[in-house]
Amino acid sequence: AWGLFAGLTMMWASRRGVHRIWGPERNDIVDVPAPPERRAFYGLLGLWTLANFIFVHMGVYGLAGDEAQYWDWSRRLALGYYSKPPMIAYVIDILTGAGGNREWAIRSGAVLFSSLSLALVYALTLRIARSERAALIAAGSTMAMPAAWAGSVLMTIDPILVAFWALAMYTFHRAVNGDRGMWVLTGLAMGLGMLSKYTAAILFIPFFAYLLIADRKWLRTAGPYLALAVSLVCLSGVMYWNWAHDWISIRHTAQIGAGEAGLSPRSIERLGTYLGAQVGIVSPVLFGLYLWAIWRCARRAKTNPDALYITLCFGVLFGFYALVSLMRKPEPNWPIAAYPAAAIALGWVWTECDRGRAARITFLVAVLIGCGLGVTLRSVDTIYAMSDPNGRPDRLNILGLSIAPGKDPTNELKGGPELGRAMAKYFDPKLKDAGPFLFSDRYQMTALIAFYTPGRPHALCMNPGTRRMNQYDLWGGWDKLIGRDGIFVTGGDEMKARYFIEGMVQRGAFERGEFLETVEVWRGPVRIKTFTISRLYKYSGLDWTPAQGKY
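All figures in this text were calculated on a predicted structure; none of them were measured in a lab.

Draft legend 1. Region of interest: the pattern of salt bridges. Under the criterion given, the structure shown has 17 salt bridges. Among the salt bridges present, the one from Glu269 reaches Arg266, with a minimum N-O distance of 3.8 Å. Ionic pairing is found between Asp485 and Arg535, a salt bridge with its closest N-O pair at 3.0 Å. Of the two residues, Asp485 sits in the loop between helix H21 (471-475) and strand S5 (486-491) while Arg535 sits in strand S7 (residues 526-539), which places them 50 residues apart along the sequence.

As structure tokens, then:
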């Protein structure tokens, strides 16, 4: 319904000649039809949004552990959480309030925020390049990124971050070009971005650098400082929460990868991993085109403020994480918010002159490869259905290759419904506090059993002393369970489950335990993972205090 409303609003704006949001300010509002490129963009955006809504309603993939965790956060709203700011919990609370505790309701947020990001990329490109064709190319190349195909249907923090990052870029550009009212909106966008992911704070650097290098007059006005004040007000709640919890989010962020932190002979290898991951999430040819466009902008940054602006918005974040990757194991999504600037640069540079046949073919290949990878990510079940049924059941056997399911990241999105059906045999939601409680040793598993078990009960995450803290440790609740039985769920086989049972009984956490069953998850003829379910009797009240210093 929201997507339909947005589409009808854009169509009305186009018919009425309302163009201010897309380009420079106009005083001569006339009733003229939208340019063909804009109509094409409206069509692409509407199709993209509709297709994504249909896909999340199809339920091809279950929730990932992180998605389930964010949903569990939304049931206990707070000013902050152990590893992330609270925005994603607030968003999911709104979505599930409207659509219920369903996968499609949770993931509709990713659909909406990704479509908003595309609209903002189009709008800012049009303001900078003053070309509808450039704006269409920028938005179209963004749609071709495999990361966009994944991020538009998976409800992680990244779609929200990218949307607010792009919004801040758009409002800041309007502010420095004379629209003083945009300073407040810039601060609001920055604040909401930081409430989505702390990474958004890095955007202060390119904004300040731009003002210092290209437009110092604004530093003598109240606008930038007002924006800063608004963003800090937005952040005040989560900062208070961190203060009240011994700055635990800061400690967690600082210790991610701390075990291997520092320059070492592996630094170049990690940098190569970081760059290789970007090739994968953007697609090979498109990543090359993005870097080429940024390089072209960087060459003219001394004489063109817009080129400086785009170069900074991309280069600071991308370069920051390149340096971090020299010291820590990189994650593919680290610089995801840098790519709106890269897409804008490509649309702008590409349309400055007529491109030859070879260049046009290169761009077409980039789009086709990116979209092809995106379609593949959403249709991996078809590949598993083609696996040789006579091969090893725990391997994907196709085209003469034998591939371990653990190498396929989409398998992280499988198994939740199967686990929920198995849990229904051992957990009766009608018993509430009288029946056994649910727990696991991993937060992802804890969140999945909380979402997929009938009745959606609260679950707990024990800490055997070998892992770092998580949000479930902060919630606690173990002291209220003394004397009750527990249903324990973990991954792996029966041997691993019995090892856990023996360990918990020996530590005195329970009187005794028994293994119940193994839950196998299949994709076609391939067994991609297993869960185990066990029952432990009479919890003693053992203190599962997390290991100190492990954040």
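Draft legend 2. Main features of the sheet that holds strand S4 (residues 459-461). Taking strand neighbours across the sheet as the criterion, the five strands line up as S4-S3-S5-S7-S6 in an open arrangement whose pairing is mixed. A single partner strand is all that each edge strand has here, and the edge strands are S4 and strand S6 (510-523). Shown here is a sheet whose adjacent strand axes are inclined to one another by a mean of 25 degrees, direction ignored. The pairing of S6 with S7 spans 12 bridges and is antiparallel. Paired with Phe510 across the bridge in S7 is Tyr539. Across the face of the sheet, helix H19 (residues 416-423) comes into contact with strand S3 (437-440), S5, S6 and S7 while running at roughly 140 degrees to S6. Of the strands in this sheet, S3, S4, S5 and S7 are in contact with helix H20 (residues 443-452), which crosses S4 at around 175 degrees.

Draft legend 3. Quick look at the state of the cysteines. In this structure the tally under the stated criterion is zero disulfides. For the unlinked cysteine Cys313, the closest cysteine sulfur is that of Cys297, found at 11 Å.

Draft legend 4. Region of interest: helix H22 (residues 494-506). In this model, H22 (13 residues) spans 18 Å end to end at C-alpha, consistent with the 18 Å of a helix rising 1.5 Å per residue. Positioned one or two residues after H22, Gly508 has a phi angle of 85 degrees, which is positive.

Draft legend 5. Fine view of the packing of helix H9 (residues 182-196) against helix H10 (residues 204-214). Two numbers describe how H9 lies on H10: the axes approach to 12 Å, and their chain directions differ by 150 degrees. Here H9 lies roughly antiparallel to H10, going by the angle between them. On the side of H9, the interface is formed by Trp183, Thr186, Met190 and Met194, while H10 contributes Phe204, Phe207 and Leu211. Here the residues of the contact of H9 with H10 are counted per class, giving six nonpolar, one polar and no charged.

Draft legend 6. View of unusual backbone geometry. Positioned with a positive phi, Arg456 is a non-glycine residue whose angle comes to about 45 degrees. Structurally, Arg456 is set in the loop between H20 and S4. We note that Lys538 has phi near 55 degrees; this positive angle belongs to a residue other than glycine. By secondary structure assignment, the location of Lys538 is in strand S7. You can call Lys538 partly exposed: its relative accessible area is 45%.

Draft legend 7. Broad picture of the nonpolar core. Core analysis: the biggest nonpolar cluster contains 151 residues, and Met145, Met155, Met169, Tyr290, Ile310 and Tyr339 have the highest contact counts within it. Excluding its chain neighbours within four sequence positions, the residues that come into contact with Met155 are Glu67, Tyr70, Ile88, Val91, Ile92, Leu95, Ile106, Arg107, Gly109, Ala110 and Ile160. One finds Phe500, Met504, Tyr539 and Trp544 within the second-largest nonpolar core, a separate group that totals 17 residues.

Thresholds, definitions, all that
Residues numbered from 1 in each chain as written. Predicted model: local features only at pLDDT ≥ 70, side-chain atom pairs only at ≥ 80, totals over all residues. Heavy atoms only, no water. Salt bridge = Lys/Arg side-chain N within 4 Å of Asp/Glu carboxyl O. Helix = DSSP H or I, 4+ residues; strand = E, 2+ residues; numbered from the N terminus. Pairing = 2+ DSSP bridges. Axes fitted to C-alpha atoms, helices over the stretch in contact; angles between N-to-C directions. Contact = heavy atoms within 4.5 Å. Disulfide = S-S within 2.5 Å. Expected span 1.5 Å × (residues − 1). Parallel < 35°, antiparallel > 145°, perpendicular 65-115°, else oblique. Nonpolar A, V, L, I, M, F, W, Y, C, P; charged D, E, K, R; others polar. Buried < 20%, exposed > 50% of the residue type's maximum accessible area, 1.4 Å probe, protein only. Core = buried A, V, L, I, M, F, W, Y, C linked by side-chain atoms within 4.5 Å.

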